[in-house]
Amino acid sequence: MNLDLEKLPKKQLIQMILDAESRAKRQEKQVQEQETHFQKQKEKNQQIIQEKEQDVMWLKHQVAQLQRMLFGSKSERFEGDKSQMKIEFDGYASEQEKQDETPVKEKITYERNKPKKHNGRNRIPDNLPVREYVVEPEEDVSEMKKIGEDRTEILEYVPENFFKLVIIRPKYARLEKDQDLSLNSEIKNVAIAELPSRPIEKCLAGNSLLSAILINKYIDHLPLYRQQQIFKRSDIEIAPSTIDSWVAQLGGLLKILYQRLVEEVKSQYYLQADETTTKVLDKRKKKKTHLGYYWTYHAPLAKLAVFDYQQGRGRDAPRGFLESYQGTLQTDGYNVYKYYYANDKVTHLACWAHARRKFEKALNNDRKRAGYAMTKIQKLYDIEREAQDFTADDRKALRLEKALPIINDLGKWLHGQRPQVLPKTPIGKAIEYVTPLWESLQNYLHDGNLQIDNNLIENSIRPVALGRKNYLFAGSHEGAKRSAMFYSFFACCKLNDINPQKWLEYVLEKIADYPVNRIHELLPNNIDPAKIQNFKKFYEA
């Protein structure tokens, strides 16, 4: 509609102008709202893209880790930037020095130690039984005189030798005049020796065989059914249920010794803790095994270790062991441990090996940052190697002198790098792992008896991983508890350089008659090694 503005009244013109301004403002506001909406949508889309990029980066990292686990090297060895390990002096040389580089011949002499001659093949121990086999010449030597002989020593092996041990106890009677000695008559004043104590009453197996079954399973990782097959090759038929019952009864017999071991470990002021999985058959789960856990506690100073089987990995799993513990507890960054060291009775000690492992996994993601952190950590381990033979006080002094400045530099660097990396990336996860544990990672500096990492307890756990590949699962939760007990005993034997076979034979022969208030004397860390070395079975004495 066309309007003649000149003919319109002044008020109507003003009103039209006001209406136009109002519409313009509304349109401007709509445009601003749309721009704001588009900007928010753009930021949201950018955030989604960034998150997706992080997810893609993380998935690529996971694929790389899985490929490494399947096909790559298991070593965590790291070498820093080799270009930073040497100093090039060409840039500092003067022009005159560069010009005076005319080759000059010189004669070099040196001395070196001459390598020792090889001592030949390994010597066969002198304490082994000797069987001699004489090989005479085929020709007639009846008229010859023997002038010497050549002796060739060979180390031979005879598979498991079973033998039947018959314990004979003669009966004696003080006879009276005209006494009837027939079987049906009552004979008075009979003398007969007591039957030697046995760990399992009326058991077919002797102590050596019972010990061998446990050693084969928990040290050599032979499942019981394979042992049964080995016995069968020697014409020894033992039902699987029979062997299972022997192991169960031995577990009941040694339980009191295991409880004493637990008490000794709990009383130590320095413990390392870790956990590892084990599969267990559970009647409540059809066609499926239960994933249980061996919680391991290692006392490095006392040379003791305890395996404690628990059905889960939650907060209550270590409660029985750690709830009343007082001292220094060294663990990885698993949050469950925090419930037991977040108090004034326990000092937490973190593990530098776990921290290093996080950065090692981030090398493919951000080699520069991860490499820098690993180089610093490597220097801390160099200091530990230097202090290996030091006393505790000297080791502490060296750590404070050399390791503390390195840790301070690394801490400042991590604080500066944390805002610059994406938290979901491997390098971000590595930094986020060590940040809350930073104080705990420094606590090893204050006591020369403390370890820089948890590697010792991981060495104790290794037999479980080897056994897991062989017998796959435990038959029941009770069976897993017995396995934890046997793993504990044999780990202590290893820590104290005690022969586990001889130790177990000794304990099985003594424990039935041993005073309960002195039962701790049978633990591998308390027992006299000479007793184990010189021990003879009752039928050998």
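Look a little higher up for the structure.
Quick look at the structure, then.

Rules behind the numbers
Residues numbered from 1 in each chain as written. Predicted model: local features only at pLDDT ≥ 70, side-chain atom pairs only at ≥ 80, totals over all residues. Heavy atoms only, no water. Helix = DSSP H or I, 4+ residues; strand = E, 2+ residues; numbered from the N terminus. Salt bridge = Lys/Arg side-chain N within 4 Å of Asp/Glu carboxyl O. Buried < 20%, exposed > 50% of the residue type's maximum accessible area, 1.4 Å probe, protein only. 1 Å grid on protein atoms, 1.4 Å probe; cavity = no way out; pocket = protein on both sides within 12 Å on 5 of 7 lines; lining within 4 Å. Points joined across faces, edges and corners; volume = space filled by probe spheres on them. Nonpolar A, V, L, I, M, F, W, Y, C, P; charged D, E, K, R; others polar. Core = buried A, V, L, I, M, F, W, Y, C linked by side-chain atoms within 4.5 Å. Contact = heavy atoms within 4.5 Å. Phe/Tyr/Trp six-rings, centres within 6.5 Å; stacked < 30°, edge-to-face > 60°. Lys NZ or Arg CZ within 6 Å of the ring centre and 35° of its normal. Pairing = 2+ DSSP bridges. Axes fitted to C-alpha atoms, helices over the stretch in contact; angles between N-to-C directions. Lys, Arg positive; Asp, Glu negative; His and termini not counted. Parallel < 35°, antiparallel > 145°, perpendicular 65-115°, else oblique.

### Side note on unusual backbone geometry
The bulk of non-glycine residues show a negative phi, and the bulk of peptide bonds are trans. For K303, which is not glycine, the phi torsion reads 60° and is therefore positive. Its location among the elements puts K303 in the loop between β4 (289-299) and β5 (304-310). With a phi angle near 55°, D497 is a residue other than glycine that sits in the positive phi range. With respect to the secondary-structure elements, D497 resides in the loop between α14 (477-495) and α15 (500-510).

### Examining the pattern of salt bridges
In total, this model carries 17 salt bridges according to the counting rule given. Note that R357 is salt-bridged to E458, the shortest N-O span being 3.7 Å. Of this pair, R357 sits in helix α8 (residues 352-361) while E458 sits in helix α13 (residues 455-471); the two residues are 101 residues apart in sequence, bridging distant segments of the chain. The partly exposed category is assigned to E458, whose relative accessible area is 22%. Because the salt bridges share partners, they merge into one network encompassing E132, K146, E149 and R151.

### A word on empty space enclosed by the protein
Overall, the coordinates contain one cavity of 30 Å³ or more when judged by the stated rule. Reported here for the largest cavity is a volume of approximately 70 Å³. Considering the residues around the largest cavity, the lining is formed by T278, K279, Y294, V464, R468, Y471, L472, F473, A474, S483 and Y487. The biggest single contributor to the lining of the largest cavity is α13, with three residues. Split by residue class, the lining of the largest cavity holds seven nonpolar, two polar and two charged.

### Observations concerning the nonpolar core
One finds W246, W352, F359, Y444, F486, F489 and W503 to be the most contacted residues of the largest nonpolar core, which totals 111 residues. Among residues more than four places away in sequence, those in contact with W352 are I377, L380, Y381, I407, L410, W438, L441, Y444, I452 and D453.

### Quick notes on the packing of aromatic side chains
For the structure on display, the rule yields 15 aromatic pairs. A ring pair is formed by Y218 and F486, whose centres lie 5.2 Å apart and whose planes are at 40°; its orientation type is tilted. Of the two residues, Y218 is situated in helix α3 (residues 207-218) and F486 in helix α14; the sequence distance between them amounts to 268 residues. Residues Y218 and F486 agree in their burial class; the two are buried. A centroid spacing of 5.8 Å and a plane angle of 75° characterise the contact between W352 and W438, whose relative ring orientation is edge-to-face. Residue W352 is located in helix α8, and its partner W438 is located in helix α12 (residues 438-442); the two are separated by 86 residues in the primary sequence. Residues W352 and W438 agree in their burial class; the two are buried. Of the aromatic side chains, those joined through ring pairs into one cluster are Y218, Y294, F307, Y309, F486 and Y487. Geometry around Y334 places R313 over its ring, the cationic atom sitting 3.7 Å from the centre.

### A closer look at the sheet that holds strand β3 (residues 270-281)
Spatial ordering of the open sheet is given by β5-β4-β3-β6-β7, a layout of five strands whose pairing is mixed. With one partner strand each, in any of the chains shown, β5 and β7 (346-349) form the two edges of the open sheet. Averaged over all pairs of adjacent strands, the angle between their axes in this sheet comes to 30°, without regard to strand direction. The pairing of β3 with strand β6 (residues 327-330) spans three bridges and is classified as parallel. Among the inter-strand pairings, L271 is bridged to a residue of β6, identified as L329. Running at roughly 110° to β5, helix α5 (residues 240-266) makes contact with β3, β4 and β5 of the sheet.

### Quick word on the side chain of K376
For K376, the position within the fold is in helix α9 (residues 367-386). Buried charge K376 goes without a salt bridge, the closest partner of opposite sign being D409 at 4.2 Å. Excluding residues that lie within four positions of it along the chain, K376 makes contacts with I406, D409 and L410.

### So, the packing of α9 against helix α10 (residues 392-417)
Running from N to C, α9 and α10 point in directions that differ by 170°, and their axes come no closer than 10 Å. Classified by the interaxial angle, the pair formed by α9 and α10 is roughly antiparallel. Seen from α9, the contacting residues are R369, Y372, A373, K376, I377, K379, L380, I383, E384 and E386; seen from α10, they are R395, L398, R399, K402, A403, I406, I407, D409, L410, W413 and Q417. Split into classes, the residues belonging to the contact of α9 with α10 amount to eleven nonpolar, one polar and nine charged.

In short, shape yes, function no, at least from these values alone.
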